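What follows is the residue order along each chain.
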Amino acid sequence: MTTSIGAANAAIVKDPNLQIARSFNGLKAASNSLLLAKRPQVSRVSSSAATASFIRAVSTPVRPDTSVAQKRSKVEIIKEHSNFIRYPLNEELLTDAPNINEAATQLIKFHGSYQQYNRDERGAKSYSFMLRTKNPCGKVSNKLYLVMDDLADQFGIGTLRLTTRQTFQLHGVLKKDLKTVMSSIINSMGSTLGACGDLNRNVLAPAAPLHQKDYLFAQKTAENIAALLTPQSGFYYDMWVDGERVMSAEPPEVVEARNDNSHGTNFPDSPEPIYGTQFLPRKFKIAVTVPTDNSVDVFTNDIGVVVVSDADGEPQGFNLYVGGGMGRTHRLESTFPRLAEPLGYVPKEDILYAVKAIVVTQRENGRRDDRKYSRMKYLLSSWGIEKFRSVVEQYYGKKFEACRDLPEWEFKSYLGWHEQVCSTFKICSLYIVYSGGFKDGALFCGLHVDNGRIKGTMKKTLREVIEKYNLNVRITPNQNIILCDIRQAWKRPITTALAQGGLLQPRYVDPLNVTAMACPALPLCPLAIAEAERGIPHILKRVRAVFEKDNRLPQWCARPYMAELGLVGDGPNSYQIWLGGTPNQTSLAKTFKDKVKIQDLEKVLEPLFYHWKRKRLSKESFGDFTNRVGHEKLLELVDKWEGIPLAPARYNLKLFADKETYESVDNLARLQDKSPHELAMEIIRNYVASHQNGKIE
């Protein structure tokens, strides 16, 4: 991880066309600059009952120099003149044209939508809109699911797509239908506000509906952070429901934290106290989780929040990690994926103030001149963690404590049937003990959905089950779906119905498919340069064929820069191959080979899998193997590859005469992480060695 980040940072320094100065202080519109000067500098009182003293700022936050006009991107100018994300979108939506102009295209992102057109079609562009919902923790009510299912059929392309940020995407909505679709979502207590655009996106949390203190606390925290950073100026409701706000009451701690301006974080005279007229330089991503559970890919976010509990399981505070992000620009080495790094620990009552301080630091100092470098990870790379921490502490008003030690991370999919409440809950070989006042017996069922695309018979079956049993659902960060609150008596009929609809239990799903994922890409994504979702079924079949030669499976993950094996399009029918991520998603992959034509994938993958099987250490994952051997040696092995060596005929022995013997040896081999053939040969060699010359040693 350190090597990858360091190399990327070095690339920034060497790029003559790019300047990231350590003193860069961000850019703001004139209206925001005036508000900055008017912010009061008063101390806030701690909400902790343990201390009644005032908490004073570590030092006065340094304000950006607004006396000199700074270069700004086109999007920054559009935001400034938009009347808080209204104009000219409000006018463009009223025209008869099937599309909207460039300025409105940028603004509608803040409302949760992208304008798209079908790139497969020739001639006049066929415009439509993709809508993305915002569902903190991936929570979806029964009513909202059924509404989204209806909208997909009535106004979309007949499918729903689950995203890696635990939301729905609805494709193919025409401009004339936007208000109907948006208002239907809002009136069903859903929202698309802030699902796209330069502001905080959907806040992730483990999707599993476990009634355990740490999980419940993580999910509540994620919902509070989402509420804290929701836009306040009303542009969303003005546009889609004529100004009528349809929303639930906010917790008082959220309102208090948003309004607090003890350390100059807010624009006190603005309809957007946190965002101002300019909002953030780019999108902003946050994930909350509990120790060991890395189902949310916590280190790929701008802020990673991890619950820290005491010996009795009571949440006490949070570890904070900052500066993660996966985005990069193809063929531009000064852009790069980056993992979040430790910022510090905060007590639980301060989490909203700490998150707000981090967001404001990015708002004030993130680049607004070149959007390729506007994510917070580039600010971290430019400043370094020490300077970044110092500035955040000025807005937070306290020094951060050192991060608490945590156990090893695991990737958890939550597929299959599980109890929501029980005395001992087992999942992924982890036992968690919990005693509480919840009703025993409720189950949840995690279902694998290929690439998150709900369609056809699967869509019809899910609709029937969710509607019949009045189930709420959760969307996972791996584009799967969880059915919640299922009674024991419903398990058998639901299992039968799901299987008939093609929704199988995890033991019947190819392990390669379970962890393989793809973005939508062509034909609707304007940035795609190669196939992804449409191409992955064929690619997986070919990869599976290579695996079956060696009976080994590496694990893939959703994000190519975190995967043990990642494919990133770098041209028509051409891919970069990335290697080196780990199964628990705590290490960055690195570019292994560029411009691999799709027809040549086996020439690269076959030698890698062959040598992994024969040269790996005990229980060594594919990602760990590639990191240990190194890319230089692996490239040498690929370049010299002439196919799998054929064993001499005299060694081609049939070891198992009957199925029962094979299955018994197979069960023993699995316990030792070996193939049946490997274990059988080991037993034979040991037997022969112990009987050399007819004597037992």
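This is a predicted model, so every value here is computed, not measured.

*Asks:* Help me out: how do you make sense of the overall build of the protein in this one?
*Replies:* Helices and strands together make up the secondary structure of the protein, namely 22 helices and 21 strands. Residue burial in the protein is summarised as follows: out of 697 residues, 57% are buried. A separation threshold of at least 6 residues defines the contact pool for the protein, and within that pool the share at least 24 residues apart is 69%.

*Asks:* Any chance you could explain the packing of aromatic side chains here in plain terms?
*Replies:* Two descriptors summarise a pair of aromatic rings, namely the distance from one centre to the other and the angle between the planes of the rings. Under the counting rule described, the total for this entry stands at 16 aromatic pairs. Judged by centre distance (6.2 Å) and plane angle (80°), the ring pair of F235 and F279 falls under edge-to-face. With F235 in helix α9 (residues 235–240) and F279 in the loop between α10 (252–259) and β8 (286–289), this residue pair connects regions lying 44 residues apart in the sequence. The exposure class of F279 is buried, given its relative accessible area of 0%.

*Asks:* Just to check I follow, could you spell out the sheet that holds strand β10 (residues 315–322) for this structure?
*Replies:* To summarise the sheet geometry, strands pair through backbone hydrogen bonds and adopt either a parallel or an antiparallel arrangement. Strand order in the open sheet made by the four strands is β8-β9-β10-β11, with mixed pairing throughout. Looking along the sheet, the strands with just one partner apiece sit at the ends: β8 and β11 (341–347). For this sheet, the mean angle separating the axes of adjacent strands, direction not counted, is 20°. Two elements, β8 and strand β9 (residues 303–309), share four bridges in a ladder whose sense is parallel. Considered in β9, the bridge of A287 is made with G304. Of the strands in this sheet, β8, β9, β10 and β11 touch helix α11 (residues 351–365), which is tilted by about 10° from β10.

*Asks:* Explanation requested: the side chain of K412 in the structure shown.
*Replies:* Looking at the secondary structure, you find K412 in the loop between α13 (385–396) and β12 (416–419). Within the buried core, K412 has no salt-bridge partner, and the shortest N-O distance to an opposite charge, that of E410, equals 4.6 Å. A distance of 3.2 Å separates polar atoms of two side chains, one belonging to K412 and the other to T292.

*Asks:* Explain the environment of K372 here, please?
*Replies:* Mapping K372 onto the fold places it in the loop between α11 and α12 (376–383). The spacing of K372 and R282 is 90 residues in sequence and 9.2 Å in space, taken between C-alpha atoms. Those residues in contact with K372 that sit more than four places away from it in its chain are R282, T329, L332, T335 and Y378.

*Asks:* Explanation requested: the nonpolar core in the structure shown.
*Replies:* Where a protein is soluble and globular, its nonpolar side chains tend to be buried together. Grouped together as the largest cluster of nonpolar side chains are 117 residues, with contacts concentrated most on Y145, L320, I358, F388, L462 and L483. It is α11 that provides the largest number of residues to this core, a total of nine residues. If you look at the next biggest cluster of nonpolar residues, it comprises 18 residues, including V596, V604, W612 and V638.

*Asks:* Quick question: what am I supposed to make of the pattern of salt bridges here?
*Replies:* A side chain with one charge may pair with a side chain of the opposite charge, provided their charged atoms come close. In the structure shown here, the tally under the stated rule is 31 salt bridges. Among the salt bridges present, the one from K79 reaches E76, with a minimum N-O distance of 2.8 Å. Here the residue K79 and the residue E76 both occupy positions in helix α3 (residues 74–80), the gap between them amounting to three residues, near one helical turn. On the basis of relative accessible area, E76 is assigned to the buried category, the value being 0%.

*Asks:* How should a nonpolar patch on the surface be read in this particular structure?
*Replies:* Judged by side-chain polarity, I684, Y687 and V688 come together as a nonpolar surface patch covering roughly 300 Å² of accessible area. With respect to the secondary-structure elements, Y687 resides in helix α22 (residues 676–690). Overall, the relative accessible area of 54% leaves Y687 in the exposed class.

*Asks:* Explain the side chain of N584 here, please?
*Replies:* Mapped onto the elements, N584 comes out in the loop between β20 (574–579) and β21 (590–597). Residue classification places N584 among the buried positions, given a relative accessible area of 15%. Here the side chain of N584 touches W409 through a polar contact of 3.4 Å, landing on its backbone oxygen.

*Asks:* Before we go on, may I ask you to explain unusual backbone geometry in this structure?
*Replies:* Across residues other than glycine, the phi torsion is negative in most instances, and most of the peptide bonds are trans. With omega at 5°, the peptide bond leading from Y87 into P88 counts as cis. The residue P88 is located in the loop between α3 and α4 (89–92) in this model. Of note, D297 is a non-glycine position whose phi angle comes to about 55°, a positive value. Mapped onto the secondary structure, D297 falls in the loop between β8 and β9. Phi at D485 is positive, roughly 60°, even though this residue is not glycine. Along the chain, D485 turns up in strand β18 (residues 481–486). The class of D485 is partly exposed, set by a relative accessible area of 39%.

*Asks:* Explain the packing of helix α18 (residues 601–615) against helix α20 (residues 631–639) here, please?
*Replies:* Axis angle and axis distance: for two packed helices, these are the angle between their axes and the distance between the axes, and together they describe the pair. Between α18 and α20, whose axes approach to 9 Å, the crossing angle comes to 115°. Of the two possible hands of crossing, α18 and α20 adopt the one that is right-handed. Judged by residue contacts, K603, V604, P607, L608, H611 and K615 of α18 engage L634, L637 and V638 from α20.

*Asks:* Could you clarify how one ought to interpret the packing of α12 against α13 in this entry?
*Replies:* The geometry of α12 relative to α13 is characterised by a closest axis approach of 6 Å and an angle of 115° between their N-to-C directions. If you check the angle between α12 and α13, you find them roughly perpendicular. Across from M376, L379, L380 and W383 in α12, the residues of α13 making contact are I385, K387, F388 and V391. Split into classes, the residues belonging to the contact of α12 with α13 amount to seven nonpolar, no polar and one charged.

*Asks:* What exactly am I supposed to notice about the confidence of the model for the protein here?
*Replies:* Any residue range with low pLDDT should be treated as having predicted coordinates unsuitable for detailed reading. On average, the protein scores 82 in pLDDT, and the residues at 70 or more come to 77%. Note on residues 1–57: pLDDT is under 50 here. Beyond four places in sequence and across chains, it has 124 contacts. Contacts of residues 550–558 to residues separated by more than four positions or lying in other chains number 39 contacts, the stretch itself having pLDDT below 50.

*Asks:* How should the sheet that holds strand β7 (residues 168–173) be read in this particular structure?
*Replies:* Pairing is antiparallel in the open sheet, where five strands are placed in the order β3-β4-β7-β6-β16. Looking at the sheet topology across the chains shown, the edges are occupied by β3 (113–117) and β16 (453–454). Bridge analysis of β3 against strand β4 (residues 127–132) gives five bridges, and the strand direction is antiparallel. Residue pairing for β4: Q115 is matched across the bridge by F129. Contacts from helix α6 (residues 142–155) reach β6 (160–162), β7 and β16, with the element oriented near 20° to β7.

*Asks:* Please clarify how the environment of K597 should be interpreted in this entry.
*Replies:* Along the chain, the position of K597 falls in strand β21. In this structure K597 comes out as partly exposed when scored by relative accessible area, which is 36%. As for K597 and S574, which are separated by 23 residues in sequence, their C-alpha atoms are 4.4 Å apart. Residue contacts for K597: discarding those within four places in its chain leaves P572, N573 and S574.

Basis of the calculations
Residues numbered from 1 in each chain as written. Predicted model: local features only at pLDDT ≥ 70, side-chain atom pairs only at ≥ 80, totals over all residues. Heavy atoms only, no water. Helix = DSSP H or I, 4+ residues; strand = E, 2+ residues; numbered from the N terminus. Buried < 20%, exposed > 50% of the residue type's maximum accessible area, 1.4 Å probe, protein only. Contact = heavy atoms within 4.5 Å. Phe/Tyr/Trp six-rings, centres within 6.5 Å; stacked < 30°, edge-to-face > 60°. Pairing = 2+ DSSP bridges. Axes fitted to C-alpha atoms, helices over the stretch in contact; angles between N-to-C directions. Lys, Arg positive; Asp, Glu negative; His and termini not counted. Salt bridge = Lys/Arg side-chain N within 4 Å of Asp/Glu carboxyl O. Polar contact = N/O pair within 3.5 Å; in protein donor to acceptor, adjacent residues only side chain to side chain. Core = buried A, V, L, I, M, F, W, Y, C linked by side-chain atoms within 4.5 Å. Patch = residues over 30% accessible without salt bridge, like charges linked within 9 Å, V, L, I, M, F, W, Y side chains within 5 Å. Areas by Shrake-Rupley, 256 points an atom, 1.4 Å probe, with all protein chains shown as cover. Left-handed = near helix turned anticlockwise from the far one by under 90°. Parallel < 35°, antiparallel > 145°, perpendicular 65-115°, else oblique. Nonpolar A, V, L, I, M, F, W, Y, C, P; charged D, E, K, R; others polar. pLDDT = per-residue confidence, 0-100.

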